[in-house]
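# Inside the fold
Residues per chain are reported as follows:
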There are 2 protein chains.
Amino acid sequence: MSENAESYDPSRYERPSVTVDVVIFTLQDRELHVLMVQRKHWPYEGRWALPGGFINMDESLEQAARRELEEETGVRDIYLEQLYTFGEPGRDPRTRVISIAYIALVSADKQTLRVSDESTDVRWFAISQLPGPLAFDHDTILAAALDRLRSKLEYTTLAFQLLPEVFSILELKHIYEQILGEKLDKGNFYRKIKDAKVLEDTGIRREGRGRPTSLYRFRRNRGDEQFVFRWREARVDDAEG
Amino acid sequence: MSENAESYDPSRYERPSVTVDVVIFTLQDRELHVLMVQRKHWPYEGRWALPGGFINMDESLEQAARRELEEETGVRDIYLEQLYTFGEPGRDPRTRVISIAYIALVSADKQTLRVSDESTDVRWFAISQLPGPLAFDHDTILAAALDRLRSKLEYTTLAFQLLPEVFSILELKHIYEQILGEKLDKGNFYRKIKDAKVLEDTGIRREGRGRPTSLYRFRRNRGDEQFVFRWREARVDDAEG
DNA sequence: CCTTTTAGTGTTAAATATACAATAAGTATA
DNA sequence: TATACTTATTGTATATTTAACACTAAAAGG
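Report follows, based on the coordinates. Since the structure is predicted, the reported quantities are computational estimates derived from the model, not experimental observations. Residue numbers here run from 1 along each chain, matching the order of that chain's written sequence. Each chain is given a letter, starting from A, and each ligand a number, starting from 1, according to the order in which they appear as written. This being a predicted model, a pLDDT of at least 70 is required before a residue's local features are given, and a value of 80 or more before pairs of side-chain atoms are given or counted; all residues contribute to the totals for chains, interfaces and linings. Based on all heavy atoms of the structure, the side-chain values leave hydrogens and waters out of the count.

### Brief notes about the overall build of chain A
Runs of H or I in DSSP of at least four residues are treated as helices and runs of E of at least two as strands, each being numbered from the N terminus. Helices and strands together make up the secondary structure of chain A, namely five helices and 10 strands. A buried classification covers 55% of the 241 residues belonging to chain A. Accessible surface, chain A as shown: approximately 11100 Å² in total, 45% of it carbon and sulfur. The classification of residues rests on relative accessible area computed with a 1.4 Å probe and restricted to protein chains. Under 20% of the type maximum is buried, over 50% is exposed, and intermediate values are partly exposed. Per-residue and other accessible areas were derived by the Shrake-Rupley procedure at a 1.4 Å probe size, with only the shown protein chains allowed to occlude residues.

Below, the structure written as structure tokens:
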């Protein structure tokens, strides 16, 4: 019994390594992208992998994820949520590694602040153009992250995290389409988003060729609680609940 | 970068301990119960805690959870799902312990097979009558488990896992009413449950005063995948989506 | 035969979702 | 000034889902 072990002597137990891996999503060129790093050494030399790293003994799991995120993108204070913990014995050929996977959403305006430059081996990839099979079980992790993203999109305001501070309704609709992978009806979308009252008109307009776009801001609750705005009523389960 | 570390030398890193904790639910006397073990030693001597234990180097996380579950209840082959991973640095005063929490559902008939008998310190508690503050952060873990359970009940077949092997449709309806806290329409319930095709007629009847009750069995998928039977289409939130 | 209980079917109203059409409003540019 | 382009919004018809309630049938016991 875990913490209930009668006589506990840390040195008596062989311990796995523990890491965090972060699936960092952003919207670039109107398409959903994921951050990947290219491996230089065995195993999986040359393959692309999710950014991640060992947890320090004195930081929480989420802090570790935020640290990794910042190291790779220079971004702070963004949406982060724990996805799932992957720990199959054979997933890393070197030793037993248990990885707690996190999902991060980087908004379009913050994403350009990226400082990461361990050279050319860090890149954003469109999810429709992922580079071959990924290292380790990262294909599985990424698939799980996408699943989660899609299912949460339908009944939370998660999508707003990918947008800049200020955005138009059609931009929001575009995000929904990107992630859900289907076209949505313009009229119905306007109706629904307005009825939900999650938007705050900034009064600002962005002018262009046609009628100027009204720009909105996501109306946050106090704290960082998520608004409950459901795009669809129905949703189909996903493995992690 | 986790598995991406350039030069990886296991011995160079200080490692946390990794455990699994299992929140084992069952239905007893028409009420939801949780299995707890009482601690005999420091820390949290005398406090109740969730069963759990260290993972072995050659078993998967789920295998570890199943092993712990069997050690405590003697039960095998039941519903198990990963809940969340808890890893705050201070959650165990002895050392850094990261715990992957699982939810297990034990059906009413299997629950009596419990073999566990490390004496009096293993007990089922009604969730309405939990014993004081639990050890470690187990109050938090339990609360998270309850949240997840309640929200998944409405759009999955989770409820079946709490029923005995063989049951009647009206018994199933009763469980739904208990958990949702409202009366359901008999006719609509029959229709919905039949249309979902998640039941298998056992052919057995239970006779009594009126027309005999047909007894059914939950039709499992191969593997341990959950059937997707939604009592309601809509549902709000749970943390892990 | 009458009662009791399970096990359904039928029917309808209301609410939601979906698809598609139409149009107004404001700006740029030819 | 005309028209083209884009955002923004309303209208409507159809389909699907949910919900409530009434009704029938089956099987057994007394």
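That was the structure; now back to the text.
### Points about the packing of helix H4 (residues 169-180) of chain A against helix H5 (residues 186-196) of chain A
All names here are of chain A. For helices, the fitted line uses only the C-alpha atoms of the stretch in contact; every axis is such a line through C-alpha atoms, and the angle between N-to-C directions lies from 0 to 180 degrees. Two elements in contact, H4 and H5, have axes separated by 11 Å at closest approach and are oriented at 105 degrees. Classified by the angle their axes make, H4 and H5 are roughly perpendicular. Note on element contacts: H5 touches H4 through Lys186, Phe189, Tyr190, Ile193 and Lys194, opposite Ile169, Leu170, Leu172, Lys173 and Tyr176. For the contact of H4 with H5, the per-class residue count stands at seven nonpolar, no polar and three charged. Roughly parallel means an angle under 35 degrees; roughly antiparallel, over 145; roughly perpendicular, 65 to 115; everything else is oblique. In this analysis, two residues are considered to be in contact whenever any of their non-hydrogen atoms come within 4.5 Å of each other. Polar here means any residue other than Ala, Val, Leu, Ile, Met, Phe, Trp, Tyr, Cys and Pro, which are nonpolar, and Asp, Glu, Lys and Arg, which are charged; Gly is therefore polar.

### Here we look at the sheet that holds strand E8 (residues 166-167) of chain B
Adjacent strands of a sheet pair through backbone hydrogen bonds, lying either parallel or antiparallel. Residue and element names in this part refer to chain B. When DSSP locates at least two bridges between a pair of strands, those strands are taken to pair. In space, the three strands of this open sheet follow the order E8-E10-E9, with antiparallel pairing throughout. Here the strands that pair on one side only, and so sit at the sheet edges, are E8 and strand E9 (199-206). For E8 and strand E10 (residues 213-218), the ladder comprises two bridges, and the chain directions are antiparallel. Bridge pairing in E10 places valine 166 opposite arginine 217.

### A word on H4(A)
Residue and element names in this part refer to chain A. Expected span of a helix: the number of residues minus one, times 1.5 Å. Along its 12 residues, H4 runs 17 Å from first to last C-alpha, staying within 8% of the 16 Å computed at 1.5 Å per residue. For H4, the buried fraction is high: nine of the 12 residues fall into the buried class. If you check which residues of H4 are buried, you get Ile169, Leu172, Lys173, His174, Ile175, Tyr176, Glu177, Ile179 and Leu180. At the C-terminal side of H4, glycine 181 shows a positive phi close to 75 degrees.

### Some thoughts on helix H1 (residues 61-73) of chain A
Residue and element names in this part refer to chain A. An ideal rise of 1.5 Å per residue puts 18 Å on 13 residues; H1 measures up with 18 Å between its terminal C-alpha atoms. Listed as buried for H1 are Leu61, Ala64, Ala65, Glu68, Leu69, Glu72 and Thr73. All buried residues of H1 lie within an arc of 140 degrees about the axis, which places them on one face of the element. Throughout, the arc means the angular range of directions from the helix axis out to the C-beta atoms.

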